[in-house]
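Below are the chains, spelled out letter by letter.
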Amino acid sequence: MKSATIGVMNNYGFGIDVGGSGVKGAIVDLDNGTFVGERIKILTPKPSTPDAVADTCRQIVEQAEWTGPVGITIPAIVKQQQARSAANIDKSWIDTDVSELFHRHIGPTRDIAVLNDADAAGIAEVAYGNPIARKGSVIFLTFGTGIGSALLINGQLYPNSELGHLNIDGKEAERRASSAVKERKDLSYKEWAKRVDRVLKEYEKLFSPTTFVAGGGISRKHEKWIPRLTCETTVVPAELLNRAGIVGAAMAARDHICP
Ligand code: BGC
């Protein structure tokens, strides 16, 4: 049976997560936030221009034989379906009409929702991940190439918070404490946790959150660094790990979340 047919019979959606190194997509079971079948990954084209990335997304949708709505995350501010920043992606994304772009590549009549990658991961965590993410004023963070953020109030998203770009002692937070910085500078967990702590204390001062939820690949090793943090606010690891972006994208397409 074709996946499109399966999608109609079940509560399935499709999400694509555009990252710095890979573009990943999967059919998502929206009853429980799991993948149905294989996750498809294609290396992010270089340069990662809008047309090259959108064409990669088309290939993923075709490979999955998916004909339903598609949600797509990008590592950029998405305001009224226009990309408004491009920190870790080709600069030509700035001011791209992402709705026009993806409809042109994937299909003009297709339901397509595009949103920021950390925002997508945040809403997915609320729906299917750590239950703590659902309560109070939560700052959800993804540590990866940059630092992504999603502001959540009792599970409701305030989009495009971009806390990774907050200037702390003359340097952007993500240039101090992303997991890419840890790798590049070969920092130990102890050294890196000190940097994360500095960043979280600044966020704490400005936003007084109930909880920080830490996501991104490095949250898999949370026991190596979360216990070292000394900020007052509780920090908990995200549970969805690298599924979060794809799942959040699929949710956005279903719920018509188009910031
Ligand atoms: C971008 C954000 C993105 C984050 C994680 C930052 O550099 O500005 O839009 O959410 O990286 O990918």
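This one's a predicted model, so the numbers in the text were calculated from it and none came from an experiment. (Residues numbered from 1 in each chain as written. Predicted model: local features only at pLDDT ≥ 70, side-chain atom pairs only at ≥ 80, totals over all residues. Heavy atoms only, no water.)

Quick look at helix α2 (residues 50-63) now. Over its 14 residues, α2 runs 20 Å from end to end, which matches the ideal 20 Å to within 8%, given 1.5 Å per residue. Those residues of α2 that fall on the buried side of the exposure criterion are P50, V53, A54, T56, C57, I60 and V61. Seen along its axis, α2 keeps its buried residues to an arc of 155 degrees; they face one direction. The exposed set on the far side of α2, more than 90 degrees from its buried face, consists of E62 and Q63. Buried residues along α2 sit against β1 (12-18), β2 (22-29), β3 (34-43), β4 (70-74) and α3 (98-106). (Helix = DSSP H or I, 4+ residues; strand = E, 2+ residues; numbered from the N terminus. Expected span 1.5 Å × (residues − 1). Buried < 20%, exposed > 50% of the residue type's maximum accessible area, 1.4 Å probe, protein only. Arc of directions from axis to C-beta. Contact = heavy atoms within 4.5 Å.)

Attention now moves to the site of the ligand. Around the ligand sit P75, A76, A87, N88, N116, D117, A118, I147, G148, E162, H165 and E174, and those are all the residues in its vicinity. Separating an oxygen atom of the ligand from a side-chain N or O atom of D117 is a distance of 2.5 Å. Between the ligand and E162 there is a distance of 2.5 Å, counted from an oxygen atom to a side-chain nitrogen or oxygen. When residues of the shell around the ligand are sorted by domain, at least three fall in each of domain 1 (12-119 + 244-254) and domain 2 (130-238). (Near = heavy atom within 4 Å. Polar contact = N/O pair within 3.5 Å; in protein donor to acceptor, adjacent residues only side chain to side chain. Domains from an automatic or database assignment.)

On to the pairing of strand β9 (residues 147-153). The buried count for β9 comes to 6 of 7 residues, which makes it a mostly enclosed element. Where strand β8 (residues 137-143) lies against β9, 7 bridges are found, and the strand directions are antiparallel. Across the sheet, F140 pairs through a bridge with A150, a residue of β9. Counted along the chain from β8 to the antiparallel partner β9, the turn is 3 residues long. Taken together, the 3 bridges between β9 and strand β10 (residues 156-158) define a ladder with antiparallel strand orientation. By the bridge assignment for β10, I153 is matched with Q156. Hairpin remark: β9 followed by β10, antiparallel, with 2 residues in the connecting loop; positive phi at N154, about 45 degrees. (Pairing = 2+ DSSP bridges.)

With 12 residues, helix α8 (residues 244-255) ought to run about 16 Å at 1.5 Å a step, and its terminal C-alpha atoms sit 16 Å apart, in line with that. Burial of α8 is extensive: 10 of the 12 residues sit out of reach of the surface. Of all the positions in α8, only A244, G245, I246, V247, G248, A249, A250, M251, A252 and A253 are classed as buried. Contacts made by the buried residues of α8 are with β1, β2, β3, β4, β7 (112-116) and α4 (117-128). Among the residues trailing α8, H256 stands out with phi positive, at a value near 55 degrees.

Applying the stated criterion across every chain yields a total of 5 aromatic pairs. Centre to centre, the rings of W93 and F102 are 6.3 Å apart; their planes meet at 35 degrees, and the pair counts as tilted. For the residue pair W93 and F102, the accessibility class agrees, reading buried in each case. Where F143 meets W192, the ring centres are 5.6 Å apart and the plane angle is 80 degrees; that geometry is what we call edge-to-face. With F143 in strand β8 and W192 in helix α7 (residues 189-207), the pair connects residues that are 49 residues apart, well separated along the chain. Note on accessibility: F143 and W192 belong to one class, buried. Chaining the aromatic ring pairs together yields one cluster made of F143, W192 and W225. A cation over an aromatic ring shows up here: K182 above the ring of Y189, its NZ or CZ 4.1 Å from the ring centre. (Phe/Tyr/Trp six-rings, centres within 6.5 Å; stacked < 30°, edge-to-face > 60°. Lys NZ or Arg CZ within 6 Å of the ring centre and 35° of its normal.)

Keep in mind that these numbers describe shape and distance, not what the molecule does.
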